[in-house]
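Chain by chain, the residues run as shown.
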Amino acid sequence: MKLILPVEIAHEIEPHLPENTILVRVDSEGNIDSDATDAEVYFSWFYLKPTTLHRVLDAGPSLRWHHAPNAGVNHILTPKYLQRDLILTNGAGVHGIPIAEFVITYLLAYCKQLPSLYQLHNEHNWQRDLPIQELFDKTLLIIGAGGIGQEIAVRAQAFGMRIFGSCRHPEPLPNFDKVVGANEWKQLLPESEFVVIATPLTPETKGLIDLETLRLFRPDAYLINIARGAIVEESALTKALQESWIAGAALDTVFTEPLPAESPLWTLPNVFITPHCSGNSPRVKERTLALFLDNLTRYRQAQPLRNVVDKTAGY
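Small disclaimer: the values here were computed from a predicted structure and weren't measured. (Residues numbered from 1 in each chain as written. Predicted model: local features only at pLDDT ≥ 70, side-chain atom pairs only at ≥ 80, totals over all residues. Heavy atoms only, no water.)

(A) View of the packing of aromatic side chains. Summed over the entire model, instances satisfying the criterion amount to eleven aromatic pairs. For the pair Phe102 and Tyr106, a centre-to-centre distance of 5.4 Å together with 55° between the ring planes defines the contact as tilted. Note that Phe102 and Tyr106 are positioned in helix H4 (residues 96-111) at a spacing of four residues, about one turn of the helix. Taking the relative accessible area as the measure of exposure, Tyr106 reaches 0% and is therefore buried. With 6.0 Å between their ring centres and 85° between their planes, Tyr110 and Phe194 make a pair best called edge-to-face. Placement of Tyr110 in helix H4 and of Phe194 in strand E9 (residues 194-197) is noted, with a sequence separation of 84 residues between them. (Phe/Tyr/Trp six-rings, centres within 6.5 Å; stacked < 30°, edge-to-face > 60°. Helix = DSSP H or I, 4+ residues; strand = E, 2+ residues; numbered from the N terminus. Buried < 20%, exposed > 50% of the residue type's maximum accessible area, 1.4 Å probe, protein only.)

(B) Quick look at the layout of surface pockets. Counted as a void, the second largest pocket has a volume near 250 Å³. Around the second largest pocket sit 14 residues that line it, and Tyr110, Pro115, Tyr222, Pro269 and Asn270 are the ones nearest its centre. When residues of the lining of the second largest pocket are traced back to their parent elements, those giving at least two are H4, helix H5 (114-122) and strand E12 (271-273). Per-element tally for the lining of the second largest pocket: the top contributor is H5, with three residues. Partitioned by chemical class, the residues of the lining of the second largest pocket number ten nonpolar, four polar and no charged. (1 Å grid on protein atoms, 1.4 Å probe; cavity = no way out; pocket = protein on both sides within 12 Å on 5 of 7 lines; lining within 4 Å. Points joined across faces, edges and corners; volume = space filled by probe spheres on them. Nonpolar A, V, L, I, M, F, W, Y, C, P; charged D, E, K, R; others polar.)

Take it as geometry only, folks, not as evidence of what the structure does.
Right, dumping it as C-alpha cells:
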C-alpha cells in the first residue's frame, strides 16, 4: 500500500507503518517526491492550502481515504474536492483538552479580573475593590456540544456552573443540564451569563452571531469564540462591545487572521484577543498521530474508520 504523507511528520510515522508500505512525501506547496498515481491514503497536515490539496488530488487519482488533522474541514471541502469519492476523516477530539482548558482560563480571567490585577501588580498598587465574581451558579451556554463542547462542560461542571448546550441532533449528555437543537439555543440566551462558540464553520453557521442575535444577549453576557471567526459577524460584535450590549468577549479566532493592527477590537477594554492558540499543546501531535495510525489499521482491515466527516453537513 502507498501513502502520501507530509514531510513534517513522515519520519515520525514511518517506524510505525506495516511492512511493504510505500511512502510518498509531500511538502506544504504540494510538491511530491515520487509517483503517487497508485497511492490510496493521504494524510495532510495543519494549515493545508487549497492549492496544495488540489495538487495532491491531481497527483493521486487512486486516493480512497484522506485524513485531515484539523477538526474543522471547511477549508478542505472545495468544489474540486467534493467531486472526488473520498472518505474524509478529521482530528475531532485531539484538541479538546487544551481548548477546554483555555475556555476555563478565559472564564476565570474575566470573573477574577486578572487583567486588572496584573496591571495593579505592575503599578505596585494595593487596590482591593475590584468587581471579582464567582463561576459557581453561573450559566454557560455552549453552542456546539460536540467533542470540544463536551470537554468544556466537564471542566465547567467542576466549578458548579449550570451548563446548556446545542447540537444538530440533541440528546441528554453528561455534564449538561440541558441540550437543545441547533435552532433553539437563542431561547437560552436570557439565562446565559457566558456563551461559548464551539460549533464547526458550515454554510449554516457562517454569520450565526449577527446583529439581531447579539441584541438577544444579556447585558452582562460574556462571549467566547474558540471555533472560527466567520461564525461571528465582526462588525456587529464590535458595535455590541462598543455600545455595551454585552459585557465583553474573549476571541481566539477572528474573521481575518492575523487580526489587522487597525482593528478596533485590539483597543476595546472589554475584549481579550489571543492568536488562535487555544488548541496548542505538545500532546496534540501525539494524539493526532495515534488517531491516524489507529485508523490506518482499521482501513487495512476493512473496519469502520473513526471521525468520518459528513461532507454534506460539513463536519
